[in-house]
Amino acid sequence: MATAAATSSKQTVLQYPGAAPSVSARIHPVVLFNICDAFVRRPDQAGRVIGTLLGSTSSDGTVEIKNSYVVPHNESADQVALDIDYHHNMFVSHQKVNPKEVIVGWFSTGFGVSGGSSLIHEFYSREVQNPIHLTVDSGFTNGEASIKAYVSASLTLGDRQLAAHFQEIPLDMRLIEAERVGFDLLKNTSVDKIPNDLEGMESSMERLYTLINDVYKYVDDVVEGRVQGDNNIGRFIAEALASLPKLSPTAFDKVFNDKIQDNLSLVYLSSLTRTQLSIAEKLNTAAQIL
Amino acid sequence: MANPATGRSFLQAMTSVEEVAPPLRVVQMEGLAVLKIIKHCKEFSPALVTGQLLGLDVGSVLEVTNCFPFPTREEDEELEADGANYQLEMMRCLREVNVDNNTVGWYQSTLLGSFQTAELIETFMNYQENIRRCVCIIYDPSRSNQGVVALKALRLSDSFMDLYRSNNFNGEKLREKKLSWVNVFEEIPIKVSNSALISAFMTELEPDSPVTQCDFDRLKLSSAPFMERNLEFLIECMDDLTAEQNKFQYYYRNLSRQQAQQQVWLQKRRQENMQRKAAGEEPLPEEDPSNPIFKPIVEPSRLDSYLITNQISNYCNQVNGAAGQGFSKLYLMKALHEN
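Residues numbered from 1 in each chain as written. Chains lettered and ligands numbered in written order. Predicted model: local features only at pLDDT ≥ 70, side-chain atom pairs only at ≥ 80, totals over all residues. Heavy atoms only, no water.

Each helix and strand in chain B was counted, giving ten helices and eight strands. Counting the 339 residues in chain B, one finds 46% classified as buried. Considering only intrachain contacts with a sequence separation of at least 6, the fraction spanning at least 24 residues in chain B is 75%. (Helix = DSSP H or I, 4+ residues; strand = E, 2+ residues; numbered from the N terminus. Buried < 20%, exposed > 50% of the residue type's maximum accessible area, 1.4 Å probe, protein only. Contact = heavy atoms within 4.5 Å.)

Rendered as structure tokens:
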């Protein structure tokens, strides 16, 4: 294990390296799940968990964080030690699967940035140009979930580097993947079964129905004067209604009937196939009468 | 040491306790494993990828707590050792951070549900030798843009495994064991569980909109491409099934022809014997193993036809599901239009 000696950093008047960073970060829900799982499994004496973030950087400076892994570390009052071999091994292994994912930074649980973090950040800045530091507050201090991303700019006084200034960058919690899977599955502590086609359909329809109801009530309220109408909302509603394609009733009926007939014929075909299968099976394993 | 007079030694008692394991009823997956599988399969689709499942085997529940992907293997034979090394390395590293180090199966991605192949069965048998209970999770990334989480947990049924080991797939054995194509694979229901911490995070971070991307995907009206692909695969499979059936027909015809030949030969032998008896000579044996018409014809294995049948039924199920969804969406459109 390589160790980095600790320095205490107290900063005074300094020079800022330049304008605010134009980097922003996007995080995928897998990373969040991984970090929380690692936190739950941490060894008893560790206060927090530290690990590497993998992902890719796009040309306009947005860093997309797609994957992560935990790195064992030792932390005491004045020393921080990170298992560099482990970090390297895991990185090589991950690269075998997905060579496009590179190191983009590191994460740690816990609120805010502490003294030891700057050293670790320095280590990571040797690996990648401008590492992102992600903090996931698993202790829910302040009573809310805070997930923040920082980049660091080093503050120099003349030639000496005095401190590292962690500036927060905008973090886009892209939960599209989680949405696809469905929040019901990911939110509850235990879900009894994954919904199949029709059950999922049912819940989507119900949600649509409540949505339409809400909009209807709102329009009603505005018309009756109970609620102040908001022009923007009105425009959105008008747009939504106008986006229904205008088909004459006969044309619509034709399209509708065609589709219904297609679907019916498919269902018929599939039941026919199943009957065929059971016949085939009976024939194949029938006893031979000779 | 155990007293032999007590009937069962201590060792015997221990082994018999192990055999009475409760049957597997449910596979419990963590949200983390689900998301990782989805991410990996989606990234590499349409290529098919595999990975390892890690977890714990607890009573009648198989818990899957983590997973890691396998690198895509080239056709090179030298990379065999590499693959094993990779696996060992990953397991070792994950052990250091307290992740369950226990292999409980593997996952693979599939394209529209065409996963029932002979290789799957072989992999199962390989795993089964080392691990008492293992499961295979199949994920279909092409159905995820319909808003369905197409995750399935599969296992080979015990009777099928016994039969496979004895490598004997003819009709009699199958009738004996009452094994039809339905009993080859057992599907196990999946439960999803999440730790309290992550569920707290998710609850906080849930966006305020009452409708999510998932709903948007489900309510899409265009299901035609999906149906088309399904039907294409279905047609191909039906062709394969007819080929298999032709094989069986051929076998039966040969068998009956051979039996007829045998009867004719037997008759001739009997006549000869009667003549010989009349002439006072030794009767010839009624069997002649060196005669080619007595050579037993090998019955073709029914394994392939079972697998194909499974695939076909899978496609049919998918078509039914999609058509059902289509109906509801169409009636919704109709109601909307009338207003």
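Each partner contributes residues to the interface: chain A has 89 residues there, and chain B has 102 residues. Regarding the contact of chain A and chain B, the summed buried area is about 8600 Å², with carbon and sulfur atoms giving 67% of it. One can count seven residue pairs in polar contact (both at pLDDT 80 or more) joining chain A with chain B. In terms of residues, the side of chain A that touches chain B owes the most to one element, helix H8 (residues 249–284) of chain A, which gives 20 residues. Taken together, the residues of the side of chain A that touches chain B break down into 47 nonpolar, 21 polar and 21 charged. (Buried area = accessible area lost by both parts, 1.4 Å probe. Polar contact = N/O pair within 3.5 Å; in protein donor to acceptor, adjacent residues only side chain to side chain. Nonpolar A, V, L, I, M, F, W, Y, C, P; charged D, E, K, R; others polar.)

The next thing to look at is the packing of aromatic side chains. One pass over the full model with this rule turns up ten aromatic pairs over all chains. Aromatic side chains Phe68(B) and Tyr86(B) sit 6.2 Å apart centroid to centroid with 70° between the ring planes, which places their arrangement in the edge-to-face category. Of this pair, Phe68(B) sits in strand E3 (residues 61–69) while Tyr86(B) sits in helix H3 (residues 79–96), and the two are 18 residues apart along the sequence. Comparing Phe68(B) with Tyr86(B) shows no difference in burial state: the two are buried. Taken together, a centroid distance of 5.0 Å and an interplanar angle of 15° make the contact between Trp106(B) and Tyr127(B) stacked. With a gap of 21 residues between them, Trp106(B) in strand E4 (residues 103–109) and Tyr127(B) in helix H4 (residues 118–130) connect regions that are remote in the sequence. Across the pair, Tyr127(B) and Trp106(B) agree in class, each one buried. Grouping aromatic residues by their ring pairs yields a cluster made of Trp106(A), Phe123(A) and Tyr124(A). When the ring centre of Phe39(A) is taken as origin, the NZ or CZ atom of Arg42(A), which lies over that ring, is 4.1 Å away. (Phe/Tyr/Trp six-rings, centres within 6.5 Å; stacked < 30°, edge-to-face > 60°. Lys NZ or Arg CZ within 6 Å of the ring centre and 35° of its normal.)

It helps to recall that an α-helix has 3.6 residues per turn; residues three or four apart then point in one direction. Here helix H1 (residues 29–40) of chain A spans 17 Å end to end across twelve residues, near enough to the 16 Å set by a 1.5 Å rise per residue. Taken across its twelve residues, H1(A) has eleven buried, putting it largely inside the fold. (Expected span 1.5 Å × (residues − 1).)

What follows concerns helix H9 (residues 224–279) of chain B. Here H9(B) contains 56 residues, and its C-alpha end-to-end distance of 82 Å stays within 8% of the 82 Å for a straight helix at 1.5 Å per residue. Gly280(B) occupies a position one or two residues after H9(B) and carries a positive phi of about 85°.

Our next topic: the side chain of Ser68(A). All names here are of chain A. You can see Ser68 is positioned in strand E4 (residues 62–71). For Ser68, a relative accessible area of 3% puts it in the buried group. Discounting residues that sit within four places of it in the chain, Ser68 has contacts with Val31, Asn34, Ile35, Thr52, Leu53, Leu54 and Phe107.

Once that is clear, we can look at the state of the cysteines. Tallied over the entire structure, the rule returns zero disulfides over all chains. For the unlinked cysteine Cys36(A), the closest cysteine sulfur is that of Cys67(B), found at 16 Å. Cys67(B) provides the cysteine sulfur closest to Cys41(B), a residue in no disulfide bond, and the two sulfurs are 9.0 Å apart. By relative accessible area, which is 0% here, Cys41(B) ends up buried. (Disulfide = S-S within 2.5 Å.)

Let us look at the packing of H1(A) against helix H2 (residues 31–44) of chain B. Contact geometry for H1(A) and H2(B): axes closest at 9 Å, N-to-C directions at 145°. Crossing geometry of H1(A) relative to H2(B) is assigned as left-handed. The residues of H2(B) that touch H1(A), namely those facing Pro29(A), Val30(A), Phe33(A), Asn34(A) and Asp37(A), are Gly31(B), Leu32(B), Leu35(B), Lys36(B) and Lys39(B). For the contact of H1(A) with H2(B), the residue count by class is five nonpolar, two polar and three charged. (Axes fitted to C-alpha atoms, helices over the stretch in contact; angles between N-to-C directions. Left-handed = near helix turned anticlockwise from the far one by under 90°.)

Turning our attention to unusual backbone geometry. Residue and element names in this part refer to chain B. The backbone of Asn98 shows a phi angle near 70°, a positive value even though the residue is not glycine. With respect to the helices and strands, Asn98 occurs in the loop between H3 and E4. Using a relative accessible area of 31% as the deciding quantity, one classes Asn98 as partly exposed.

We now examine the pattern of salt bridges. One pass over the structure, following the stated rule, counts nine salt bridges over all chains. Linking Glu89(B) and Arg92(B) is a salt bridge whose minimum nitrogen-to-oxygen distance equals 2.8 Å. With Glu89(B) and Arg92(B) both in helix H3 and three residues apart, the pair spans about one turn of that helix. Within this structure, Glu101(A), Lys39(B) and Glu43(B) form a network of salt bridges that share partners. (Salt bridge = Lys/Arg side-chain N within 4 Å of Asp/Glu carboxyl O.)

Here we take up the pairing of strand E2 (residues 24–27) of chain A. Residue and element names in this part refer to chain A. Of the two faces of E2, only one is covered, namely that formed by Ala25 and Ile27; the face formed by Ser24 and Arg26 stays uncovered. As paired strands, E2 and E4 are joined by four bridges and run parallel to one another. Residue Ser24 lies in a different strand from E4, and its bridge partner there is Thr62. In this structure, E2 lies alongside strand E11 (residues 171–173), joined through three bridges in parallel fashion. Within E11, the position partnered with Ile27 by the bridge is Met173. (Pairing = 2+ DSSP bridges.)

As a further point, take the confidence of the model for chain A. All names here are of chain A. On average, residues of chain A score 76 in pLDDT, and 77% of them reach the 70 mark or higher. Per-element averaging of pLDDT across chain A places strand E1 (residues 2–5) at the bottom with 33 and strand E3 (residues 50–57) at the top with 87. For residues 1–15, every residue scores under 50 in pLDDT, and the model assigns this stretch 23 contacts once sequence neighbours within four places are set aside. (pLDDT = per-residue confidence, 0-100.)

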